[in-house]
Amino acid sequence: MEGTWACLIPFILVIPISIITKQVQSGLFVGLLVGSYLLHPSLLGGIEHMVQYVISNIVVTNNIRIIVFLYSFAGLVGIIKLTGGIKGFVHLISKKVKTKKGAMLLAWLSTFGTFSEPDFRIVTIAPIMKALSKRLDLSKQKIAYAIEFTANPVIALIPIATAFVGYMVSIIGQALKTSGIDQPAYTVYVKSIPFNFFSIVIIVVGIYYCFFKKQKADESLEKTEKSGQTSARKHRKNTEPIPRNSGVLLSKGSGSFNMETGTISDIHGEHTGMFESDEHADQQEELDSAHRAYIKETPIRPWNLIIPIGLFLLLTLFLSWWDGHSKAQGFLNAFIKSDMLGVMLTALLGAVIAAFALFMFQRFHAGELVTHFIKGGNELVNVIIMLSLIWAVTAVSEDLGFSEYVTSHLTSWIPQMFIAPSLFILGAVISYFIGSSWGTWGLLMPLGVTLAVQSHTSLLLAIGAVFASGTFGAFASPLSDNTVTTCTVLGIDVVKYARSKLVPALIAAGISVLLYGAFSFFR
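Residues numbered from 1 in each chain as written. Predicted model: local features only at pLDDT ≥ 70, side-chain atom pairs only at ≥ 80, totals over all residues. Heavy atoms only, no water.

### Side note on helix α13 (residues 197–211)
Here is the rule: Secondary structure elements follow DSSP: runs of H or I no shorter than four residues count as helices, runs of E no shorter than two count as strands, and numbering proceeds from the N terminus. What a helix should span is 1.5 Å times the count of its residues minus one. Note on exposure labels: buried denotes an accessible area under 20% of the residue type's maximum, exposed denotes more than 50%, and partly exposed covers the range between, all computed with a 1.4 Å probe on protein chains only.
Its 15 residues give α13 an end-to-end C-alpha distance of 21 Å, which sits within 8% of 21 Å, the value for a rise of 1.5 Å per residue. Turning to α13, its buried residues are F197, F198, S199, V201, I202, I203, V205, G206, Y209 and C210.

As structure tokens, this is what we get:
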């Protein structure tokens, strides 16, 4: 279909609806439905073709791989929780901290063991850091900074063994295919990593904030913490334990956070009373309460985290070389030529099988392991739905002539050197209001790649700008699941904490805009 202004309607609808509803899926659904009716304007034609778009894109080989990878990875995390891997890891590292700087160093170094997914990292390290905060008289705000500076920004830069990699490669591959570019999506992704300027700059800013800046505690935030502790003591009489195997106490009020599933029912800064202890409770009880945040009755077995994740990393590296060594000359070229998506899925399934064997050898029941594997996988169903809708919306937009319209109109409106900075600014605004890095990446990647190709600007710079823009919202937005999870676990006010993060976030964003402008000018 020849490109007309109608090809923009799905995207025009997706972004504001996502911002208003704070759910990317709802915006994508409306955009897909409207786009399908524009192509097939009959009573049932739009709905029928909408279903066809979804199904036909899901069954694409690489897309099925992405879905299996995401579900299996979350499932692996689920059985690691069950078998005490996370609890053991927390117990192991908690004994090493004696000073404030040591606590900050712990928060940063723990990234090496928890880099697979941001919320996984947060629920692993935040409870133990909170337990240490009283013993070391450490501000919870500073603890939250240390955790979040090393969550989404760091994980977005790691090209193997994370829940991000498959998704990032998938949306790049879809955008490259749409623009007629025949390049391996994983190779393009790896080459774009140095251009994710926001992630790099915010990490540097984070090092300054955590180790060098003499930070005065935010009075309003500290008051909130104290009132939260007082409130927790008052409400302890009104709390009741969840079933015995969870070990988490939740208030009978409306706000709640489920450590097992990561779901949050109140994101407006209300305290749940979770992890709070009496004023005179000793430090060991505080640490024990942090351990119970994972699963109460499990043993302390750090190797149940280290072995499966370590095996996954080693298998990924070996199979990447093995898959590519016959296609290229040289050790490094073998990694570039490998089918990374297939390799990571194979490595992950190998790690899952090994984990099941290890845990059953430790006398965990197979039925219990399968149940927690499925429960873990189900945590990413929303992401899988979002991915399916993104693939379908992209296909509808192309059938409406999106690329042709962008070629003949938008590229002439935006000067070449402003494309990457504009993508970053637009994506940063979107991600701040919807609180989703993945949603922002899925919305903007097709536009970013098309603009870069048609305007002959740097493709890697545009892709890096899109990824950087989503990372901004994941870090700074009060609606981000990372922000909400961190605040809920640490017991601090979401909105006030998010407002305090705007300063380092805007500093990093400003530097990033300048870098995108400079690189656009010289490349």
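There's more to say after this.
### Examining the packing of helix α20 (residues 381–399) against helix α23 (residues 437–455)
The condition that has to hold: Axis geometry follows a simple rule: fit a line to the C-alpha atoms, using only the stretch in contact for helices, then measure angles between N-to-C directions, giving values from 0 to 180 degrees. Oblique is the label for every angle not falling under 35 degrees (roughly parallel), over 145 degrees (roughly antiparallel), or within 65 to 115 degrees (roughly perpendicular). The contact rule is simple, with two residues in contact once any of their heavy atoms fall within 4.5 Å. When residue character is reported, Ala, Val, Leu, Ile, Met, Phe, Trp, Tyr, Cys and Pro are called nonpolar, Asp, Glu, Lys and Arg charged, and the others, Gly included, polar.
The interhelical angle for the contact between α20 and α23, taken along N-to-C directions, is 10°, at an axis separation of 10 Å. Taken as axis vectors, α20 and α23 run roughly parallel relative to one another. Note on element contacts: α23 touches α20 through W438, G439, G442 and P446, opposite V383, M386, I390 and T394. Partitioning the contact of α20 with α23 into residue classes produces 5 nonpolar, 3 polar and no charged.

### Structural notes on the pattern of salt bridges
Put simply, the test is: For this document, the term salt bridge refers to a Lys or Arg side-chain nitrogen within 4 Å of an Asp or Glu carboxyl oxygen.
Per the stated rule, a full pass over the model turns up 1 salt bridge. K501 is the partner of E148 in a salt bridge, and the nearest nitrogen-oxygen pair spans 2.8 Å. A residue pair is termed long-range when its members are at least 10 positions apart, and E148 in helix α9 (residues 140–149) and K501 in helix α26 (residues 494–522) qualify at 353 residues.

### Looking at the packing of aromatic side chains
Selection criterion: Here is the rule: rings of Phe, Tyr and Trp (six-membered ring for Trp) pair when centre to centre is within 6.5 Å. Planes less than 30 degrees apart are stacked, more than 60 are edge-to-face, and the remainder are tilted. Only Lys NZ and Arg CZ are tested; either one counts as a charge over a ring when it is within 6 Å of the ring centre and within 35 degrees of the ring normal.
One pass over the full model with this rule turns up 24 aromatic pairs. On the numbers, 4.7 Å between centres and 50° between planes, the contact of F197 with Y516 is tilted. Of the two residues, F197 is situated in helix α13 and Y516 in helix α26; the sequence distance between them amounts to 319 residues. Put simply, the rings of F195, F197, F198, F424, F472, Y516 and F519 pair up and form one aromatic cluster. When the ring centre of F475 is taken as reference, the NZ or CZ atom of K501 above it lies at 4.9 Å.

### Quick word on the side chain of K501
Here is the rule: Between N or O atoms, a polar contact is any pair within 3.5 Å; within protein, one atom must be a potential hydrogen donor and the other a potential acceptor, and residues adjacent in sequence are included only when both atoms are from side chains.
Exposure remark for K501: the relative accessible area of 0% places this residue in the buried category. A distance of 2.8 Å separates the side chain of K501 from the side chain of E148, its partner in a polar contact. Those residues in contact with K501 that lie beyond four places of it in its chain are Y145, E148, F475, A476 and T483.

### Quick word on the packing of helix α24 (residues 459–476) against α26
How two helices pack is summed up by the angle between their axes together with the distance between the axes. At their nearest, the axes of α24 and α26 sit 10 Å apart, and the two run at 170° to each other. With respect to α26, the element α24 is oriented roughly antiparallel. On the side of α24, the interface is formed by L461, G464, A465, A468, F472, F475 and A476, while α26 contributes A498, K501, L502, A505, L506, A509, Y516, F519 and S520. Looking at the contact of α24 with α26 residue by residue, the classes come out as 13 nonpolar, 2 polar and 1 charged.

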